[in-house]
Amino acid sequence: MLNITSSITINSASWGRASDISSRGSHESIDDTQEVYYDKFRLPYFKASLFATALEDCITQIRILDQCNTEIRLTKTMVEMQKLLADKYGVEKKEICSELECIDTEKLDCLDYKLDKLDNDRKLLVHVLSETYLDLSKHRRFYALSDYVTTVTRKRQHSEVLIEEEAKNKLLRRETQRQLRQQRNHIKSVTYDCNMTVENLKNRVQDAALNVEIRFRYIGNWQNARCEQNSQRITHIESPRVETIDFYKQRIEQEHRVHSEVELLINILINEILENVEHWMVKYEKDMEKMDLKIQRTKNKHETTEERRCALEEKLKLREVELNNWISFKDKREADRLYREKMTIAALAIQAWWRGLLVRLELGPYKPTKRPIRGDKKKK
């Protein structure tokens, strides 16, 4: 495998070198700065071939790993079943302007996003390695890898800049909200002062109307006095009717006076009620802000408690699994010990029976040996 890949890499590298020479001959008008920039990432022929061979093996292993991991592929297929059915039946897809449109910030830990990230990371790794492999094989340089590293670095720097801008915007938003609250309170106070000024002007207008009415009454009474002087002659004739007219006049005047006093009292009560309403409105807003802050703190505490509870539940499940494994291991070990004990006792019994049988039958090592006869010794 290594010999084949190295030969393929050498042939591709030599072809890439020849193509570089021909391209240089055909494109002599390329800028010198660009050639110097590419030469920074150029390698010798042997090193480029060696790295290309290593990358080829890595790409093959990654693809084999991706193709052999059927569980993740099945899980991803089940997760993307709706998209696959839409592609199968030709359902029109919604145009996506940004990558963040399809992401729910409340479900960042779901399985869909994890599988998509794993798949995208693998594809990105295979793509970068493939581009680097082709660049090393054809041009003996690793410009594709350097370009990708530069892109990732820029994205990371851009993300850091966005995070700083977000923090600054949060501070600016808080300051703006505080200023808006102060401005709203200022506007309310100014509005209240204007309303009080309007009420004072209304009271002055009412007082002026009362003065005009009083003057009118004075003039009328004065005219009535002159008329009385002229009509004194006929008072004896129409005295009952004149008394009745005077009585009703006095009654009407009393009703007008009572009406004006009641109206003034009602206006005073209305002003007091408006002041109380404004006071309670301000208090309600302050209390609502306090309640919102308390609710947010309680919500954060509840989320922390919920996460801790989930962690403890997972830890308890792991402890239960370990306890069950330990109990099963103890039971199995006890069963193995009893089995070995029984087999040992049985083996001892069989060995004792066999040895007894050998002793009784005088067989094997217990066979009696033949001793020489003493008479033979004497003959000798």
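Residues numbered from 1 in each chain as written. Predicted model: local features only at pLDDT ≥ 70, side-chain atom pairs only at ≥ 80, totals over all residues. Heavy atoms only, no water.

**So, the overall build of the protein**
Our working rule: Here a helix means four or more residues in a row that DSSP labels H or I, a strand means two or more in a row labelled E, and each is numbered from the N terminus. Only protein chains enter the accessibility calculation, which uses a 1.4 Å probe. A residue is then buried if its area is under 20% of the maximum for its type, exposed if over 50%, and partly exposed in between. Between two residues, a contact is recorded if the distance between any of their heavy atoms is within 4.5 Å.
Per the secondary structure count, the protein includes 9 helices and 0 strands. Written out in order from the N terminus, the α and β elements of the protein read α-α-α-α-α-α-α-α-α. When each of the 380 residues of the protein is scored for burial, the buried share is 9%. For the protein, the proportion of contacts with a sequence separation of at least 24, taken over those separated by at least 6, is 76%.

**Thoughts on the nonpolar core**
Quick reminder of the rule: Residue types Ala, Val, Leu, Ile, Met, Phe, Trp, Tyr and Cys, when buried and joined through side-chain atoms within 4.5 Å, form a set referred to as a nonpolar core.
Counting 10 residues, the largest nonpolar core consists of Leu-43, Ala-48, Ala-52, Leu-55, Ile-59, Ile-62, Val-126, Leu-129, Tyr-133 and Leu-136. Only α3 (45–68) and α6 (111–139) provide two or more residues apiece to this core. Top element by residues in this core is α3. It accounts for 5 residues. Not counting residues up to four positions away in its chain, the partners in contact with Ala-48 are Leu-43, Leu-136 and Arg-140.

**Here we look at the pattern of salt bridges**
What counts is decided by this rule: Salt bridge, as used here: a side-chain nitrogen of Lys or Arg that lies within 4 Å of a carboxyl oxygen of Asp or Glu.
Enumeration according to the criterion identifies 10 salt bridges in this entry. Here Glu-289 ties to Arg-181 by a salt bridge, and the two come within 3.2 Å at their closest N and O atoms. Here Glu-289 is found in helix α8 (residues 235–361), whereas its partner Arg-181 is found in helix α7 (residues 143–231), with 108 residues between them in sequence. The class of Arg-181 is partly exposed, set by a relative accessible area of 32%. Ionic pairing is found between Arg-309 and Glu-306, a salt bridge with its closest N-O pair at 2.2 Å. Here Glu-306 and Arg-309 lie together in helix α8, a separation of 3 residues that amounts to about one turn. In this structure, a network of salt bridges that share partners links the residues Glu-306, Arg-309 and Glu-313.

**Observations concerning unusual backbone geometry**
Of note in the backbone geometry, Glu-362 takes a positive phi value of approximately 55° without being a glycine. Its location among the elements puts Glu-362 in the loop between α8 and α9 (374–379). A residue is classified by how much of its surface remains accessible, and Glu-362, at 43% relative accessible area, is partly exposed.

**Things to note about the packing of aromatic side chains**
Here is the rule we go by: Here a pair means two rings of Phe, Tyr or Trp (six-membered ring of Trp) with centres within 6.5 Å. Their orientation is stacked below 30 degrees between planes, edge-to-face above 60, and tilted elsewhere.
Taken as a whole, this structure holds 3 aromatic pairs when the rule is applied. Aromatic pair Phe-247 and Tyr-248: ring centres 5.4 Å apart, planes at 75°, arrangement edge-to-face. For Tyr-248, a relative accessible area of 47% corresponds to the partly exposed category.

**Here's the deal with a nonpolar patch on the surface**
We count it as follows: Patch membership requires more than 30% relative accessible area and the absence of a salt bridge. Residues of like charge join within 9 Å; the nonpolar side chains Val, Leu, Ile, Met, Phe, Trp and Tyr join within 5 Å. Computed with the Shrake-Rupley method and a 1.4 Å probe, the accessible areas treat only the protein chains shown as cover for residues.
Nonpolar side chains collect at one region of the surface, where Met-78, Met-81, Leu-84, Leu-85, Tyr-89 and Val-91 lie side by side and expose about 590 Å² of accessible area between them. Structurally, Met-81 can be placed in helix α5 (residues 81–88). Met-81 gets classed as partly exposed once you look at its relative accessible area, which sits at 30%.

**What to know about the side chain of Ser-130**
When you line up the elements, Ser-130 lands in helix α6. A residue is classified by how much of its surface remains accessible, and Ser-130, at 18% relative accessible area, is buried. Excluding anything up to four places from it in sequence, Ser-130 contacts Ile-59 and Arg-63.

**Observations regarding the confidence of the model for the protein**
Note that predicted coordinates carrying low pLDDT should not be read in detail. We count it as follows: What pLDDT reports is the predictor's confidence in each residue, on a scale of 0 through 100.
Averaged over all residues, the pLDDT of the protein is 78; the fraction at 70 or higher stands at 79%. By mean pLDDT, helix α1 (residues 2–26) is the weakest element of the protein at 36, and α8 is the strongest at 90. Low pLDDT, under 50, characterises residues 1–32; the stretch is placed with 31 contacts to residues that sit more than four places away or in other chains.

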